[in-house]
Amino acid sequence: MIKNSRGIWIVIAILGGVLGFFIHLSCLKWLSNRNRGEPMEKNLWNRKYSEVLLSIIFLSIIVQDGFCFTTVRYLGLACILFAISLIDSICYQIPNRLLMIGIIWWLLTLPFTKGSIVEQGVSGLFGAFFIGGGILFLSLFLDHQLQRESIGGGDVKLFCLLGLYFGIELGMLHLIISCIIGILFVLFLKKEKIPFAPAISISAWIVVLFGKEMLSCYWSFFASLMI
């Protein structure tokens, strides 16, 4: 692992900008094909924003953890979530192929995570089942009560995907932060319907950077109350 190397930081930041450019173009092509060739540029985030934003995300991850296999794993996940958020913010749809890429990336990087493969695999599967299943149950309940779709099927699948990466504890933290950010989006944008994937992705970024510290503070506070 390489830490505190400005050269590595600069390379990773540049890589994030380059990937942001190509992800932007790929999403543009996908949306254009989906709309039978109708130009989508005016509806997409400005390309420069994509480049700068993914550079910042990449840089924050490398500064937090240094250059290691876990960092590479989260950098790949960041690209997937970035593409998902970009598309969902335009057409309120999360392509299944991107979710499948996320699952494949989880499997490919599983042998390089800390701990045994079996332990990490079981933890991820439990997280996906617990978080994804809970969100699905909540979605069906709210749909019945409100008589309309409350949480999109793509969002449920995305929570399930991130449950693979985070497990149960970090997955629950991610769910709570996602709901808070989603509510803030509704209040700020003043819309009844918002694309939820950007809120889920921002929450995932927060969990990657500060999740373990936030859980540690929570359990320390909880333990102090029990004394």
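Residues numbered from 1 in each chain as written. Predicted model: local features only at pLDDT ≥ 70, side-chain atom pairs only at ≥ 80, totals over all residues. Heavy atoms only, no water.

Undergrad: Explain the overall build of the chain to me, please; I cannot follow it from the model alone.
TA: Assigned secondary structure in the chain consists of seven helices and zero strands. Taken from the N to the C terminus, the helices and strands of the chain come in the order α-α-α-α-α-α-α. The buried share of the chain, reckoned over its 227 residues, is 42%. (Helix = DSSP H or I, 4+ residues; strand = E, 2+ residues; numbered from the N terminus. Buried < 20%, exposed > 50% of the residue type's maximum accessible area, 1.4 Å probe, protein only.)

Undergrad: Please explain the packing of aromatic side chains as it appears in this structure.
TA: Here a ring pair, both rings aromatic, is described through the centre-centre distance and the interplanar angle of the planes. Applying the stated criterion across every chain, the model contains three aromatic pairs. Measuring from centroid to centroid gives 5.2 Å for F21 and F22, while their planes differ by 80°, and the two rings are edge-to-face. Classification of F22 as partly exposed rests on a relative accessible area of 47%. A ring pair is formed by F159 and F196, whose centres lie 5.9 Å apart and whose planes are at 65°; its orientation type is edge-to-face. Residue F159 is located in helix α6 (residues 153-189), and its partner F196 is located in the loop between α6 and α7 (197-226); the two are separated by 37 residues in the primary sequence. According to the relative accessible area criterion, F159 is buried, its value standing at 1%. (Phe/Tyr/Trp six-rings, centres within 6.5 Å; stacked < 30°, edge-to-face > 60°.)

Undergrad: How should I be thinking about the layout of surface pockets in this particular structure?
TA: Empty space left among the atoms is revealed by rolling a probe the size of a water molecule over them. When its volume is computed, the second largest pocket comes out at roughly 660 Å³. Lining the second largest pocket are 29 residues, and of these T70, Y74, K114, L170 and K212 sit closest to its centre. Contributing elements (two or more residues each) for the lining of the second largest pocket: α2 (47-65), α3 (69-91), α5 (117-146), α6 and α7. Grouping the constituent residues of the lining of the second largest pocket by class yields 14 nonpolar, eight polar and seven charged. (1 Å grid on protein atoms, 1.4 Å probe; cavity = no way out; pocket = protein on both sides within 12 Å on 5 of 7 lines; lining within 4 Å. Points joined across faces, edges and corners; volume = space filled by probe spheres on them. Nonpolar A, V, L, I, M, F, W, Y, C, P; charged D, E, K, R; others polar.)

Undergrad: Would you mind going over the confidence of the model for the chain with me for this structure?
TA: Atomic detail in the predicted coordinates should be set aside for any region of low pLDDT. Predicted confidence across the chain gives a mean pLDDT of 83, with 86% of residues reaching 70 or more. Model confidence for the chain, summarised as mean pLDDT per element, is weakest for α5 at 82 and strongest for helix α4 (residues 96-109) at 95. (pLDDT = per-residue confidence, 0-100.)

Undergrad: Quick question: what am I supposed to make of α6 here?
TA: Since one α-helical turn is 3.6 residues long, residues separated by three or four positions face the same way. Spanning 37 residues, α6 covers only 22 Å between terminal C-alpha atoms, well under the ideal 54 Å at 1.5 Å per step. Where α6 bends most, at G167, the angle is about 120°. Remark: K190 follows α6 within two positions and exhibits a positive phi of approximately 55°. (Expected span 1.5 Å × (residues − 1). Bend = angle between axes of the 7 residues up to and from the residue.)

Undergrad: Please clarify how the side chain of S203 should be interpreted in this entry.
TA: Structurally, S203 is set in helix α7. A polar contact is formed between the side chain of S203 and the backbone nitrogen of S178, at a distance of 3.1 Å. If sequence neighbours within four positions are ignored, S203 has contacts with H174, I177, S178 and I181. (Polar contact = N/O pair within 3.5 Å; in protein donor to acceptor, adjacent residues only side chain to side chain. Contact = heavy atoms within 4.5 Å.)

Undergrad: For this particular structure, what's the right way to read the nonpolar core?
TA: One broad trend across soluble globular proteins is that nonpolar side chains are buried collectively. Counting 53 residues, the largest nonpolar core has I61, I84, L158, L162 and F166 as its most contacted members. Counting only elements with at least two residues in this core, the list comes to α1 (6-34), α2, α3, α4, α5, α6 and α7. (Core = buried A, V, L, I, M, F, W, Y, C linked by side-chain atoms within 4.5 Å.)

Undergrad: How do you make sense of a nonpolar patch on the surface when you look at a structure like this?
TA: The grouping of V118, V122, F126, F130, I168 and M172 at the surface amounts to a nonpolar patch, some 540 Å² of accessible area in total. Elements supplying a minimum of two residues to the nonpolar patch: α5 and α6. The dominant element in the nonpolar patch, judged by the number of residues it contributes, is α5, at four residues. Tracing the backbone shows M172 in helix α6. (Patch = residues over 30% accessible without salt bridge, like charges linked within 9 Å, V, L, I, M, F, W, Y side chains within 5 Å. Areas by Shrake-Rupley, 256 points an atom, 1.4 Å probe, with all protein chains shown as cover. Salt bridge = Lys/Arg side-chain N within 4 Å of Asp/Glu carboxyl O.)

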